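The chain contents come next:
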Amino acid sequence: MRKLLALVLGVALLALTACGSGTPKSVGAVEPLSSIKVTPGADDNTAPKVEFDTPMKATAPGAKVIEEGDGATIKAGQDVSYKMSGYNTQDGKEIGNTFTDAPMTLSVEDALKEQDAEIYNVLVGTKVGSWVAYVRPDDTAEATEGESKSAEPAEAKQVLILKVLDAKDKKITFKKEEGDAKKGTEASATLGDDGKATINIPAGNEPPADLKVTTLKEGDGAKVKKSDTVTVNYAGATWSDGRQFDSSYDRGEPATFGLNQVIKGWTQGLEGVKVGSTVLLTIPGKLAYDGSAGKPQGTLVFIVEVTKADAAAK
């Protein structure tokens, strides 16, 4: 969550004790959030007016529902869409906001629970439409050898305000599961009639050494050519831990690109696939991002739904 928030705002945003029935939920050390007042903007594309007593001193993470919505209750495992803004804890000034952008999506699953338990626990059971405040101190740097850490606890430099817009059951679910003892066991997928898919990645087994393409649903369109520009919906995860790192489904819009302008595993894996098809690609690192800084390394697993293919202009 902290990495996601930092990317969303494009600035250095570093990034439960449940209350009784009828009381907005709060988690962790929420006393610093007690003075926050949120006045919503004219619509979901307008940032709110946020006020709180300054300076805000927060030395432990906390999350609190400032104003509860009246929508559906958020369940564990769902994808939550939201917009947010960030504020300096010292003077209350806005650092940045995403209200003029498309909503972002956060998967309320085990990975979030491990990394940011406060956000996970405050969202589960909260209603769509709620305004949520979140604060977390900067991570304390490790002391060098022979030095002791400062006796002063780290303080948060910013507080985040989230507007929860929607919550939906996940479209794509990746699972890392025990496989058999045979090395090279392939990933598999179950595709429902509603388009939802569960991808199983075997644990304890070496990934296939070569590109594997499995057709989950065959379309009836033309075959994709390497020179085509394709439009797809997709989601990708790393074989090593089964964690999703990218998804057009979460962004709420398909991706369009030249098939000869992406990683080799996509170019080779989608060439010849019929438009309308859904395929599972298991791509070894040598055909993916190995050696590229900031990209997922090793074998990757993608589910790809090809919705359109346009021939290159001559």
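Residues numbered from 1 in each chain as written. Predicted model: local features only at pLDDT ≥ 70, side-chain atom pairs only at ≥ 80, totals over all residues. Heavy atoms only, no water.

**Q** What should I look at first to understand the sheet that holds strand 11 (residues 188-191) in this one?
**A** As a general point, the strands of a sheet are linked pairwise by backbone hydrogen bonds and lie either parallel or antiparallel. Sheet architecture is open: 3 strands sit in the order 10-12-11, paired in mixed fashion. Two strands close off the open sheet at either side, each with one partner strand: strand 10 (172-178) and strand 11. Across this sheet, the average inter-strand angle for adjacent strands is 20°, counted without regard to direction. (Pairing = 2+ DSSP bridges. Helix = DSSP H or I, 4+ residues; strand = E, 2+ residues; numbered from the N terminus. Axes fitted to C-alpha atoms, helices over the stretch in contact; angles between N-to-C directions.)

**Q** So what exactly am I meant to see when it comes to the side chain of threonine 89 here?
**A** You can see threonine 89 is positioned in the loop between strand 5 (78-88) and strand 6 (94-97). You can call threonine 89 buried: its relative accessible area is 0%. If we skip the residues at most four places from it in the chain, threonine 89 touches Phe52, Thr54, Pro55, Met56, Ala156, Lys157, Gln158 and Val159. (Buried < 20%, exposed > 50% of the residue type's maximum accessible area, 1.4 Å probe, protein only. Contact = heavy atoms within 4.5 Å.)

**Q** Which parts of the structure should I look at to understand the environment of isoleucine 95?
**A** Take isoleucine 95: it is sitting in strand 6. Isoleucine 95 gets classed as partly exposed once you look at its relative accessible area, which sits at 31%.

**Q** Sorry if this is basic, but what is going on with the packing of aromatic side chains here?
**A** Think of a pair of aromatic rings as described by two things: how far the centres are apart, and how the planes are tilted against each other in angle. Considering all chains together, one arrives at 6 aromatic pairs under this definition. Measuring from ring centre to ring centre gives 5.4 Å for tyrosine 234 and tryptophan 266, while their planes differ by 90°; the resulting arrangement is edge-to-face. With a gap of 32 residues between them, tyrosine 234 in strand 14 (residues 229-238) and tryptophan 266 in helix 5 (residues 264-270) connect regions that are remote in the sequence. Each member of the pair, tyrosine 234 together with tryptophan 266, is buried. An angle of 55° between the planes, with centres 6.5 Å apart, marks the rings of tyrosine 234 and phenylalanine 302 as tilted. Here tyrosine 234, found in strand 14, pairs with phenylalanine 302, found in strand 18 (residues 300-310); they are 68 residues apart in sequence, far enough to count as distant. One exposure class covers both tyrosine 234 and phenylalanine 302, and it is buried. Feature note: the residues Tyr234, Phe245, Phe257, Trp266 and Phe302 constitute an aromatic cluster, connected by ring pairs. (Phe/Tyr/Trp six-rings, centres within 6.5 Å; stacked < 30°, edge-to-face > 60°.)

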